[in-house]
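Working through the structure, step by step
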Amino acid sequence: MVKGFIDTHAHPPTEEYLVTAGGQYITAAAKHFGGSIRPRTFDEMIIEYDAANVEKVVLVAWDAETTTQLPKVSNDFIAKAVDQYPGRLIGFACVDPHKGKAAVKELERAFKDLKLQGAKFHPIAQAFYPNDKQYYPLFEKCLEYDVPVSVHTGTTGWGSGLPGGGQMKLKYANPMYLDEVAADFPELRLIASHPSWPWQNEQLAVAMHKSNVYVEISGWSPKYFEPILVTYMTKLISDRVVFGTDYPFLTPKRWLKDFETLDIRPEVKQKILRNNAVKLLKL
Ligand SMILES: [Zn+2]
């Protein structure tokens, strides 16, 4: 059997994320992606992934309690889902950087006790600059456990279209801030998550210059990738680009179908859809 693809960016499709943690911000995000999103169960999610030949899925926690005043999707919730589907889900922890030392401690617990295998941050929803030194202990903890860190870059659906974008500020998600983190933590595997529009060139420049930076291409249909992204992902940094959907905003079926419209050599497709993630996640 040919080994399946690896999706490096998915959210729980359940009410815990889409309704409880997401509130008005997710309603806005769903509109940004063209409609409303029906919550579904993890069983339904796995059926969708089976049908799309996706073998493993990175499932991310969520904690933006300080900025949104909405409940988090806890690391325990993610760990429990991972346990329910052995070999299928890879849990990534999330902590709210504004929680200071407690956040670092929680990250340690997530790696050590819950066995989550990476971390995820969203600088816009969490309102922080990744290169702000006061948050460096978070990256130090990830390095200590040798797990990759996914950081949202570029614009977001979160709060999109609301007055004032629901008070969310896009400035935090410029990938140039990751350049500094990558330089200060050369051993840390960093994932610049999503095509970083409107900073696509910046993201590619950082990934080209820093070999510890991966580009993850979720959250956009491949049909709308900028030509320069396609050039870099197929030629210059084809060893460090990884597939992701941003499920449930985009489904694996839709994303993979649109990916087929790009003119990419089969061996490069195999790297993007699976092999690069194996290396990144140390599977
Ligand atoms: Zn996402």
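Preceding this paragraph is the structure being described.
Sequence positions are assigned chain by chain, starting from 1 and proceeding in written order. Local features in this predicted model are restricted to residues whose pLDDT is 70 or higher, and side-chain atom pairs enter the listing and the counts only when it is 80 or higher, whereas totals over whole chains, interfaces and linings include all residues. Side-chain numbers come from the whole structure's heavy atoms, not from hydrogens or water.

**Structural notes on the pairing of strand β1 (residues 5–10)**
Among the 6 residues that make up β1, 6 are buried, leaving the element largely enclosed by the rest of the structure. As paired strands, β1 and strand β2 (residues 54–60) are joined by 4 bridges and run parallel to one another. Each bridged residue has a counterpart across the sheet, and for A10 the counterpart in β2 is L59. Burial classes: relative accessible area under 20% of the type maximum marks a residue as buried, over 50% as exposed, and values in between as partly exposed (1.4 Å probe, protein chains only). The secondary structure listing takes helices from DSSP runs of H or I that are at least 4 residues long and strands from runs of E that are at least 2 residues long, numbered from the N terminus. Strands qualify as paired when DSSP identifies two bridges or more between them.

**Some words on the environment of Y17**
Its place among the elements puts Y17 in helix α1 (residues 15–21). Judged by its relative accessible area of 2%, Y17 falls in the buried class. Distance in space between the C-alpha atoms of Y17 and I47 is 19 Å, their sequence separation being 30 residues. Ignoring anything within four residues of it in the chain, the contact list for Y17 reads H11, P12, G22, I26, W62, V73, W158 and F249. Contact criterion: two residues are considered in contact whenever any of their non-hydrogen atoms come within 4.5 Å of each other.

**What to know about the coordination of the zinc ion**
Water is absent from the atoms considered, so a metal site may look incomplete; donors are defined as N, O and S atoms within 2.8 Å of the metal, or 3.2 Å for Na, K and Ca. Protein coordination of the zinc ion is provided by H9 (NE2), H11 (NE2) and D246 (OD), with donor distances spanning 2.0 to 2.1 Å. Each donor residue of the zinc ion lies on one chain, and together they are spaced H-x1-H-x234-D. Of this pair, H9 sits in strand β1 while D246 sits in the loop between β8 (241–242) and α11 (252–259), and the two are 237 residues apart along the sequence. For the pair shown, H9 and D246 are each scored as buried.

**Overview of the pattern of salt bridges**
One side-chain nitrogen of Lys or Arg within 4 Å of one carboxyl oxygen of Asp or Glu is enough to make a salt bridge. Throughout the structure, instances matching the rule amount to 19 salt bridges. For the salt bridge of R38 with E44, the shortest nitrogen-to-oxygen distance reads 3.3 Å. Look at E44 and you get partly exposed, because its relative accessible area is 31%. Ionic pairing is found between E48 and R40, a salt bridge with its closest N-O pair at 3.0 Å. The exposure class assigned to R40 is buried, which follows from its relative accessible area of 13%. A single salt-bridge network, built from bridges that share partners, covers D63, E65 and K99.

**Structural notes on the sheet that holds β1**
Sheet strands line up and pair through hydrogen bonds in the backbone, either parallel or antiparallel. Sheet architecture is open: 3 strands sit in the order β1-β2-β3, paired in parallel fashion. The sheet is open, and its two edges are formed by β1 and β3 (89–92), each paired on a single side. Across this sheet, the average inter-strand angle for adjacent strands is 20°, counted without regard to direction. Relative to β3, β2 is paired through 4 bridges, and the arrangement is parallel. Paired with V58 across the strands is I90, a residue of β3. Contacting β2 and β3, helix α5 (residues 75–84) crosses the sheet at an angle of about 165° to β3. A fitted line through C-alpha atoms represents every axis, and for helices the fit uses only the stretch in contact; the resulting angles, taken between N-to-C directions, go from 0 to 180 degrees. Along the sheet face, helix α12 (residues 266–281) touches β1, β2 and β3 and points at about 65° away from the line of β1.

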